[in-house]
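# Structure assessment
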Amino acid sequence: DWQREFIQMHAVLGGKNPHLQSFLVGGMATPIDPDKQASINAGTLADCIGVAVAGDIIVVLPGTHVAGGLTIPVSLTINGGGMGVSVIDAQSNDRHFVVDPGAGGSVIIKDVTLTNGNALAVGAFEDGGAVQAVTGALELVRTEIVNSSAYEGGAISCDGCDELTVRESRLLSNTATTDGGAIL
């Protein structure tokens, strides 16, 4: 039964080989430990991040997913279906992510759109409107950050992180009260 379900998921993903530790946001979760009840029922981005362990891949399905105020405490990858296809909307209530995988850790966010992040909703002097990286390395690949705001770093703050890499991405209409409309 488990193999049949895995093959069905394999077909849904277009025949690509997903890692066994992948979670699907907006669909069925597929954990490496099928006996872990929390993993089996993970269906939102917050749920998936909450049960993730280092090395996991969280797959964000096409559509708009409301999420914000999430801390990523381990090294993982968030992988969507493309900019404008897999959209994570913080609805101006908070930033999307605080990246905190620890020294030597890394988080990769790719093929998603992050929209309406607002660190100023958390506090007047908050940095990183969409993403605040406080430890580890952050890599954005084919990621669009739109309409986010903060005190500094309207889209991204990497104040304290080990490394920031942004490739093939767009940072549009982000604002900062002081420095770094896009990146601090």
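The model shown is predicted, which means the values in this text are computed figures rather than measured ones.

Rules and cut-offs
- Residues numbered from 1 in each chain as written.
- Predicted model: local features only at pLDDT ≥ 70, side-chain atom pairs only at ≥ 80, totals over all residues.
- Heavy atoms only, no water.
- Helix = DSSP H or I, 4+ residues; strand = E, 2+ residues; numbered from the N terminus.
- Buried < 20%, exposed > 50% of the residue type's maximum accessible area, 1.4 Å probe, protein only.
- Contact = heavy atoms within 4.5 Å.
- Areas by Shrake-Rupley, 256 points an atom, 1.4 Å probe, with all protein chains shown as cover.
- Disulfide = S-S within 2.5 Å.
- Pairing = 2+ DSSP bridges.
- Axes fitted to C-alpha atoms, helices over the stretch in contact; angles between N-to-C directions.
- Phe/Tyr/Trp six-rings, centres within 6.5 Å; stacked < 30°, edge-to-face > 60°.
- Core = buried A, V, L, I, M, F, W, Y, C linked by side-chain atoms within 4.5 Å.
- Polar contact = N/O pair within 3.5 Å; in protein donor to acceptor, adjacent residues only side chain to side chain.

A word on the overall build of the chain. Secondary structure assignment for the chain yields 3 helices and 17 strands. By the burial criterion, 45% of the 184 residues in the chain qualify as buried. Long-range pairs, those at least 24 residues apart, make up 67% of the contacts in the chain with a sequence separation of at least 6. As displayed, the chain offers around 8300 Å² of accessible surface, 51% of which is attributable to carbon and sulfur atoms.

Attention now moves to the state of the cysteines. One pass over the structure, following the stated rule, counts 1 disulfide. Across the disulfide, Cys158 is cross-linked to Cys161 (sulfur-sulfur distance 1.5 Å). Residue Cys158 shares its accessibility class with Cys161, and that shared class is buried.

Taken in spatial order, the 5 strands line up as β3-β6-β9-β12-β16 in an open sheet, and their pairing is parallel. Looking at the sheet topology across the chains shown, the edges are occupied by β3 (63–66) and β16 (170–172). Strand-to-strand, the axes of this sheet are offset by a mean angle of 15°, without reference to chain direction. Pairing between strand β6 (residues 86–89) and strand β9 (residues 113–115): 3 bridges, direction parallel. Residue Asp89 lies in a different strand from β9, and its bridge partner there is Thr115.

With that settled, the discussion passes to the packing of aromatic side chains. Applying the stated criterion across every chain, the model contains 1 aromatic pair. Measuring from ring centre to ring centre gives 4.9 Å for Phe125 and Tyr151, while their planes differ by 80°; the resulting arrangement is edge-to-face. Here Phe125, found in the loop between β9 and β10 (131–133), pairs with Tyr151, found in the loop between β13 (149–150) and β14 (156–157); they are 26 residues apart in sequence, far enough to count as distant.

Another point: the nonpolar core. Of all hydrophobic cores here, the largest spans 29 residues; its most connected members are Leu45, Ile72, Phe97, Val99, Leu114 and Leu138. Elements that contribute at least two residues to this core include exactly α3 (45–51), β2 (56–60), β4 (70–72), β5 (76–79), β7 (97–99), β8 (106–110), β10 and β11 (137–141). For Phe97, the residues in contact, after removing those within four places along its chain, are Leu45, Ile49, Leu70, Ile72, Ile78, Ile88, Ile109, Leu114, Ala130, Val131 and Gln132.

We now examine the side chain of Ser148. Checked against the element boundaries, Ser148 lands in the loop between β12 (144–146) and β13. Reaching out from Ser148, the side chain makes a polar contact with the backbone nitrogen of Gly117 at a distance of 3.0 Å. Residues contacting Ser148, with those up to four places away along its chain left out, are His96, Asn116, Gly117, Gly129, Ala130, Gly154, Ser173, Asn174 and Thr175.

Relative to the assigned elements, Gly181 resides in the segment after β17 (175–176). Sequence spacing of Gly181 and Gly128 is 53 residues, and the spatial spacing of their C-alpha atoms is 9.7 Å. The contact partners of Gly181, leaving out residues within four places of it in the chain, are Gly154, Ala155, Asn174, Thr175 and Ala176.

A few words on unusual backbone geometry. In this structure, Gln91 is a non-glycine residue whose phi angle is positive, near 55°. Residue placement: Gln91 occurs in the loop between β6 and β7. Located in the positive-phi region is Ser173, a residue other than glycine, with phi close to 55°. Position of Ser173 among the secondary structure elements: in the loop between β16 and β17.

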